[in-house]
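# Topology and contacts: notes
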Amino acid sequence: MESTGRAGKQDLLRQLPSVDEILKQPSIAEALERIPRKLVLESIRETVDARRRRILADQAGEEESFSLDVRWLASEAVRLAEKKNEFTLRPVVNATGIVVHTNLGRSLLASEALDRLQEVCRAYNNLEYDLAAGRRGSRYVHAEAVLREITGAEAALVVNNNAAAVFLVLNTLAQGREVIVSRGQLVEIGGSFRIPDVMAASGAVLREVGCTNRTHLRDYEQAITEQTALLMKVHCSNYRVIGFTAEVPLEDMARLAHSRGLLAVEDLGSGSLVDVSPFGLPEEPTAQQALKAGADVVTFSGDKLLGGPQAGIILGRRDVIDRCKKNPLTRALRVDKMTLAALEATLRLYRDERRAFAAVPTLQMIATPLETLRERAEELARLIRTCPGAQRLSVQVERNVSQVGGGSLPERDLPTYVVSVRSDRWSAARLEQALRHHTVPVIGRIESDRYLLDVRTLQPGDTRIIAEAFQALLADTKS
Ligand SMILES: *Cc1c(COP(=O)(O)O)cnc(C)c1O
């Protein structure tokens, strides 16, 4: 790298290589094989312009690394072009320990679902073609059969997400009429999805009953009028009212609804198909249990505890689901073939619960034994400690807790192991930022001035990526 010394402005401007000179550098030729020419040219121009501006502003001398070397400028331009050429949506390492992390894409698909996605989407398929009859068919038959088989529901309908499912159910069954909900269940779910707002948008009129902490059956009973369409229960999966509380069990609410000729609907939110309580989590009602308890309709997400693609699943009585299918809004909320392919493949894994726990990443991560997590944390700590320059870091394996997340299963943390990193040189915030800016971004968390990597949510190969990120940080003499 050549230093510019105290040369005058004009001298420096004369030394500044032209775009054409930079374009002839071998590193640029190599970059042009991977990166579109337009982006490379733009990056060279911007690199040269930035240098020129600094010279004109008399700032050239302030920067230790200021260089007008043509090779150096070419490598700067390549770095910039690479940045411009990055995908905006890309894989990251989730080291937060939050299994269903809405900001990080929620559920990882099982490899069975990924394979199926490719097979179905590489080819034409019978998305809306009835192969038996040889004529137009319905896309809604595809996941329906396996959903009915697993849950025992009379009928099923899959839409874009659970918000859409709730919206469609209320619009179909209660537009212009009243829906009775316990005040304690009027929740906001991440991303400012508020149950009361969705209800209002659906055209249903909300009738809140009870108090925030306690609602009794008589509260529902007294609120029923000619205007009532249905009684609704929202499963509060992202918070819990604790202490002096009372909720009406679904069985009782459904019995009351039916005795008055009304429908009972439950929005399950995370809606698992299997019991996750053996893994230290609270008992969540499964979709099957909600149907058995008398719900005429239940809705839940495809990409929370189910561990499939984003989708909203509506299960219930055939006549009610048929009405939803006939609602013109269903067309606006419909799922595409990618969702159906991945969802059908995910659901088939649930035919055998053991298979589901082994193959669905969300369940796998929840069920990982503590001892496995400890070994994984020790391995990660060892990899970080053996990076050149790691004596600047203090790396410990510690007990901590992970969360299921995604508005699923609050109030109960899963014991886990984390790798905790501290440094005499970098603050926890600086470590967090450096790893977040790595080629494959690593997302960890900060707790009491330590940077923590929870190994529960790491995938095969992630420990290697994290070690590389530390290596890059430790090798970067400027940071
Ligand atoms: C998460 C959640 C929703 C929204 O589901 P999406 O699939 O994110 O649209 C609705 N209701 C409850 C109770 C939830 O937990």
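Residues numbered from 1 in each chain as written. Predicted model: local features only at pLDDT ≥ 70, side-chain atom pairs only at ≥ 80, totals over all residues. Heavy atoms only, no water.

## Considering the overall build of the chain
The cut-off we apply is this: Counting from the N terminus, the helices are the DSSP runs of H or I reaching at least four residues and the strands are the DSSP runs of E reaching at least two. Partly exposed residues are those whose accessible area sits between 20% and 50% of the maximum for their type, while under 20% is buried and over 50% is exposed, using a 1.4 Å probe and protein chains only. Contacts between residues were defined by any pair of non-hydrogen atoms, one from each residue, lying within 4.5 Å. We get accessible surface area from the Shrake-Rupley algorithm with a probe of 1.4 Å; when it comes to residues, only the shown protein chains can shield them.
A tally of helices and strands in the chain yields 20 helices and 17 strands. Counting only C-alpha atoms, the chain reaches 90 × 55 × 40 Å along its principal axes. Expressed as a percentage of its 479 residues, the buried residues of the chain come to 50%. Sequence separation of 24 or more characterises 74% of the internal contacts of the chain that already satisfy a separation of 6 or more. For the chain, the exposed area adds up to about 23,400 Å²; of that, 48% sits on carbon and sulfur atoms.

## Topic: the packing of aromatic side chains
Definition in use: What counts as a ring pair is set by centres within 6.5 Å for rings of Phe, Tyr and Trp (its six-membered ring), and what kind of pair is set by the plane angle: stacked under 30 degrees, edge-to-face over 60, tilted for all other angles.
Summed over the entire model, instances satisfying the criterion amount to one aromatic pair. Consider the rings of phenylalanine 279 and phenylalanine 357, whose centres lie 5.0 Å apart with planes at 40°: the pair is tilted. Linking phenylalanine 279 in the loop between β10 (263–269) and α12 (287–292) with phenylalanine 357 in helix α16 (residues 353–359), this pair joins segments that are 78 residues apart in sequence. Since its relative accessible area comes to 14%, phenylalanine 357 is described here as buried.

## Description of the packing of helix α8 (residues 162–174) against helix α9 (residues 195–202)
How two helices pack is summed up by the angle between their axes together with the distance between the axes. The condition that has to hold: In this analysis an axis means a line fitted to C-alpha atoms, helices contributing only their contacting stretch, and an angle means the value between N-to-C directions, from 0 to 180 degrees. Each angle is binned into one of four classes, with values under 35 degrees roughly parallel, values over 145 roughly antiparallel, values of 65 to 115 roughly perpendicular, and all other values oblique. Each crossing gets its hand from how the near helix is turned against the far one by less than a right angle, where anticlockwise is left-handed and clockwise is right-handed. Three residue categories are used. Nonpolar comprises Ala, Val, Leu, Ile, Met, Phe, Trp, Tyr, Cys and Pro, charged comprises Asp, Glu, Lys and Arg, and polar comprises the others, including Gly.
It is the contact of α8 with α9, at a shortest axis distance of 8 Å, that shows an interaxial angle of 45°. On the basis of their axis angle, the class for α8 and α9 is oblique. Pair α8 / α9 crosses with right-handed handedness. Seen from α8, the contacting residues are Ala163, Val166, Phe167, Leu170 and Asn171; seen from α9, they are Val198, Met199, Ala201 and Ser202. A per-class count over the contact of α8 with α9 returns seven nonpolar, two polar and no charged.

## A word on the sheet that holds strand β8 (residues 205–209)
This is how the line gets drawn: Here, strands pair whenever DSSP counts at least two bridges between them.
Across the sheet, seven strands lie side by side as β4-β12-β11-β10-β9-β5-β8; this open sheet has mixed pairing. Looking at strand neighbours, the two that pair on one side only are β4 (155–159) and β8, the edges of this open sheet. Strand-to-strand, the axes of this sheet are offset by a mean angle of 25°, without reference to chain direction. Running at roughly 150° to β10, helix α11 (residues 250–259) makes contact with β9 (228–234) and β10 of the sheet.

## Comments concerning the pairing of strand β14 (residues 414–423)
Counting buried positions along β14 yields eight of 10 residues, so the element is predominantly enclosed. As paired elements, strand β13 (residues 393–402) and β14 share 10 bridges and run antiparallel to each other. Counterpart to glutamate 398 in the pairing with β14 is valine 418. With four bridges connecting them, β14 and strand β17 (residues 450–454) associate as antiparallel partners. Looking at β17, one finds that valine 419 is bridged to leucine 453.

## What about the sheet that holds β13?
The sheet built from four strands is open, its strands ordered β13-β14-β17-β16 with antiparallel pairing. On the outer flanks of this sheet lie β13 and β16 (445–447), each paired with one strand and no other. Going across the sheet, the axis of each strand differs from the next one's by a mean of 40°, ignoring polarity. Along the sheet, helix α18 (residues 370–385) makes contact with β13, β14 and β17, crossing β14 at roughly 10°. Each of β13, β14, β16 and β17 touches helix α19 (residues 428–436); the most contacted strand, β17, lies at about 40° to it.

## A few points about the domain arrangement of the chain
Under the convention used in this document: Delimitation of the domains relies on an automatic or database domain assignment.
By the assigned domains, the chain splits into domain 1 (5–85), domain 2 (93–101 + 366–475) and domain 3 (111–359). Summarising the inter-unit geometry, the C-alpha centres of domain 2 and domain 3 are found 35 Å apart.

## Regarding the side chain of glutamine 185
Heads up, the condition is: Distance and chemistry together define a polar contact, namely a pair of N or O atoms within 3.5 Å, with one atom able to donate a hydrogen and the other to accept it when in protein, and with adjacent residues in sequence counting only for side-chain atoms on both sides.
Mapped onto the fold, glutamine 185 is located in the loop between β5 (178–182) and β6 (188–189). Relative accessible area serves as the criterion here: at 1%, glutamine 185 is assigned to the buried category. Polar side-chain contacts of glutamine 185 include one of 3.0 Å to the backbone nitrogen of valine 234.

## Here we look at unusual backbone geometry
At arginine 106, a residue that is not glycine, the phi angle is positive and equals roughly 60°. Along the polypeptide, arginine 106 turns up in the loop between β1 (93–94) and α6 (111–122). For aspartate 449, which is not a glycine, the phi torsion comes out positive at approximately 65°. As for its placement among the helices and strands, aspartate 449 is situated in the loop between β16 and β17. Overall, the relative accessible area of 63% leaves aspartate 449 in the exposed class.

## Some details on α9
For clarity, the threshold we go by: Think of the arc as the fan of directions from the helix axis to the C-beta atoms.
Buried within α9 we find Ile195, Val198, Met199 and Ser202. What you see down the axis of α9 is that its buried residues fit within an arc of 100°, all on one side. Exposed side of α9, more than 90 degrees from the buried face: Ala200 and Ala201 are the residues found there. Glycine 203, located one to two residues past α9, shows a positive phi value of around 95°.

## Observations regarding a negative patch on the surface
Test applied: To count toward a patch, a residue needs a relative accessible area over 30% and no salt bridge; like charges are then connected within 9 Å, while nonpolar side chains (Val, Leu, Ile, Met, Phe, Trp, Tyr) are connected within 5 Å. We define a salt bridge as a side-chain nitrogen of Lys or Arg found within 4 Å of a carboxyl oxygen belonging to Asp or Glu. Only four residue types enter the charge count: Lys and Arg as positive, Asp and Glu as negative, with His and the chain ends excluded. By convention, charge coordinates are those of NZ in Lys, CZ in Arg, CG in Asp, or CD in Glu.
A surface patch of negative charge is lined by Asp275, Glu283, Asp352 and Glu353. As for its position among the elements, aspartate 275 is in the loop between β10 and α12.

## A few points about the pairing of β4
Counting buried residues along β4, five of its five residues qualify, which places the element largely inside the surrounding structure. Side chains Ala155, Leu157 and Val159 project from β4 onto one buried face, and the interleaved Ala156 and Val158 project onto a second face that is buried too. Pairing of β4 with strand β12 (residues 312–316) involves five bridges; the strand directions are antiparallel. Paired with valine 159 across the two strands is glycine 312, which belongs to β12.

## Some thoughts on the pattern of salt bridges
Overall, the coordinates contain 36 salt bridges when judged by the stated rule. Where glutamate 76 meets arginine 79, a salt bridge forms, and the shortest distance between an N and an O atom there is 2.5 Å. With glutamate 76 and arginine 79 both in helix α5 (residues 70–84) and three residues apart, the pair spans about one turn of that helix. Judged by relative accessible area, which is 23%, glutamate 76 ranks as partly exposed. Aspartate 303 serves as the salt-bridge partner of arginine 106, at 2.9 Å between the closest nitrogen and oxygen. Highlighted residues: arginine 106 in the loop between β1 and α6 and aspartate 303 in the loop between β11 (297–301) and β12, separated in sequence by 197 residues. Each of Lys38, Glu42, Glu46 and Lys84 takes part in one network of salt bridges that share partners.

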